[in-house]
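Each chain is listed here by its residues.
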Amino acid sequence: MKRVINFSAGPATLPVAVLQQVQAELLDWRGSGMSVMEMSHRDKAFMSIAQEAEKDLREVMNIPANYKVLFMQGGATAQFSFVPMNLLRGKAGADYVLTGDWGKKAAKEAGRYCKVNIAASSEADRYTHIPDPAGWKLDPDAAYVHITPNETIHGVEFHAEPDTQGVPLVADMSSNILSRPVDVSRYGLIYAGAQKNIGPAGLTIVIVREDLIGQAAAMTPGIFDYKQMADNESMLNTPPCFAWYVSGLVFKWIKDNGGLAGIGERNARKAALLYDYLDGQDFYRNPVKKENRSRMNVPFTLANAELDAEFLKGAKAAGLTGLKGHRSVGGMRASIYNAMTLEGVQALVDYMKEFVRTRG
Ligand SMILES: *Cc1c(COP(=O)(O)O)cnc(C)c1O
């Protein structure tokens, strides 16, 4: 067996220690005589797995008691609809700040349910920076302000929460949740698809302030209603049990690795290693404004795009996979989520140097 160094944007690499534990427990989960995939979600065994995962996530993220944690399905994309369905609370519209394609998609979907005000956008600059919050055109009557703290395709990340003057801040944290400490109390709602920094695809985490739920629009299906989900411990129907279990193991892995403070330091070092190399030469380029660069997704282009295919082929031969950039921006992208090691990033930098030496 040989594992590659996997830079995929999602589904993405998972900690080896977690995979090994899943493997060890696969046929017989702790004396139950079955795998977690095969047990009833109403069974005591699974209930304990589910509750422990929530407890660990609350501890790791330091989630205040007045926030509900929901384990949902449908990915971040489903939340693009569930958020307006649940959070409009009779208001006419919501503010969206566009710093990449995911935020734009979220705004488009919200447009089916309410008046969408684009409070700021960097689309004209091909999403290479975050518009200065001082210039955002926020609507004081908006139901919420939606941001995408890390734009996975463009490699643009907020490094501080914007002040939304009391209007609830809603964040699609799919690609940077759990990557460093965050003050949850600054947010009305946080959502994230699991497959980047949490666990297997199929699970979506929602963290929502209690007072914002319970006023879903009348047409909201019950399983998309945050209040109904909260009142039923996210088990209104069969949850994505196996993904929930593996995610719980990832939360424990984070605890074992210094919590979010430790993980955040490690991520900062990994990102610095790659960006310092990018900034110190002319062959590769990252187009994002320095203060807004992502610590999770690092897009870069080669001086000569005709060498892209050769770069990727050589990378694959060196055991480095998932580096092809998103089709909308081209070039390369290295996703360096929590489970990517410093050694993995070093291997990428070594390969990039060697490629310049031989082909640059
Ligand atoms: C990947 C991603 C999505 C889409 O997630 P799905 O779970 O596939 O719906 C949305 N937003 C961001 C920021 C992402 O990185």
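Below is a summary of the structure that appears in this document. In this text, all values refer to a predicted model and were calculated from it rather than measured experimentally.

Here's the deal with the nonpolar core
Stage number 1. Judged by nonpolar contacts, the single largest core of 58 residues is most densely connected at Phe-46, Met-61, Leu-178 and Ile-207.
Stage number 2. The leading source of residues in this core is helix α6 (residues 241-256), at 10 residues.
Stage number 3. Counting 30 residues, the second-largest nonpolar core is a separate cluster that includes Ala-78, Tyr-127, Tyr-191 and Val-208.

Section: the site of the ligand
Stage number 1. Neighbouring the ligand are 13 residues, the closest being Thr-77, Thr-152, Asp-172, Gln-195 and Lys-196.
Stage number 2. Within the side chain of Asp-172, an N or O atom sits 2.6 Å from a nitrogen atom of the ligand.
Stage number 3. If the ligand stood free it would expose 390 Å²; the protein chains cover 86% of that surface.
Stage number 4. With four residues, helix α3 (residues 75-87) is the single largest residue contributor to the shell around the ligand.
Stage number 5. Per-class residue counts for the shell around the ligand are three nonpolar, eight polar and two charged.

A few points about the packing of aromatic side chains
Stage number 1. Under the counting rule described, the total for this entry stands at 16 aromatic pairs.
Stage number 2. Plain terms: the ring middles of Tyr-284 and Phe-300 are 5.7 Å apart, the flat faces sit at 90° to each other, and that makes the pair edge-to-face. Of this pair, Tyr-284 sits in strand β11 (residues 284-285) while Phe-300 sits in strand β12 (residues 297-302); the two residues are 16 residues apart in sequence, bridging distant segments of the chain.
Stage number 3. Where Tyr-351 meets Phe-355, the ring centres are 6.1 Å apart and the plane angle is 40°; that geometry is what we call tilted.

Observations regarding the sheet that holds strand β14 (residues 332-335)
Across a sheet, strands are paired by hydrogen bonds formed along the backbone, either parallel or antiparallel in direction.
Stage number 1. Across the sheet, three strands lie side by side as β11-β12-β14; this open sheet has antiparallel pairing. Single-partner strands in this sheet number two, and they are β11 and β14.
Stage number 2. Sheet topology note: the β11/β12 ladder contains two bridges and is antiparallel. Across the sheet, the residue bridging to Tyr-284 is Leu-302, located in β12.
Stage number 3. Across the face of the sheet, helix α7 (residues 259-279) comes into contact with β11, β12 and β14 while running at roughly 25° to β12.

Observations regarding the packing of helix α2 (residues 44-61) against α6
Stage number 1. Two elements in contact, α2 and α6, have axes whose closest approach is 9 Å; the angle formed by their N-to-C orientations is 40°. Comparing their axes, α6 and α2 come out oblique. The way α2 lies across α6 gives a crossing that is left-handed. Between α2, through Phe-46, Ile-49, Ala-50, Glu-52, Ala-53, Asp-56, Leu-57, Glu-59 and Val-60, and α6, the contact on the second element is made entirely by Cys-241, Trp-244, Tyr-245, Gly-248, Phe-251, Lys-252, Ile-254 and Lys-255.

Cut-offs applied
- Residues numbered from 1 in each chain as written.
- Predicted model: local features only at pLDDT ≥ 70, side-chain atom pairs only at ≥ 80, totals over all residues.
- Heavy atoms only, no water.
- Core = buried A, V, L, I, M, F, W, Y, C linked by side-chain atoms within 4.5 Å.
- Buried < 20%, exposed > 50% of the residue type's maximum accessible area, 1.4 Å probe, protein only.
- Helix = DSSP H or I, 4+ residues; strand = E, 2+ residues; numbered from the N terminus.
- Near = heavy atom within 4 Å.
- Polar contact = N/O pair within 3.5 Å; in protein donor to acceptor, adjacent residues only side chain to side chain.
- Areas by Shrake-Rupley, 256 points an atom, 1.4 Å probe, with all protein chains shown as cover.
- Nonpolar A, V, L, I, M, F, W, Y, C, P; charged D, E, K, R; others polar.
- Phe/Tyr/Trp six-rings, centres within 6.5 Å; stacked < 30°, edge-to-face > 60°.
- Pairing = 2+ DSSP bridges.
- Contact = heavy atoms within 4.5 Å.
- Axes fitted to C-alpha atoms, helices over the stretch in contact; angles between N-to-C directions.
- Parallel < 35°, antiparallel > 145°, perpendicular 65-115°, else oblique.
- Left-handed = near helix turned anticlockwise from the far one by under 90°.

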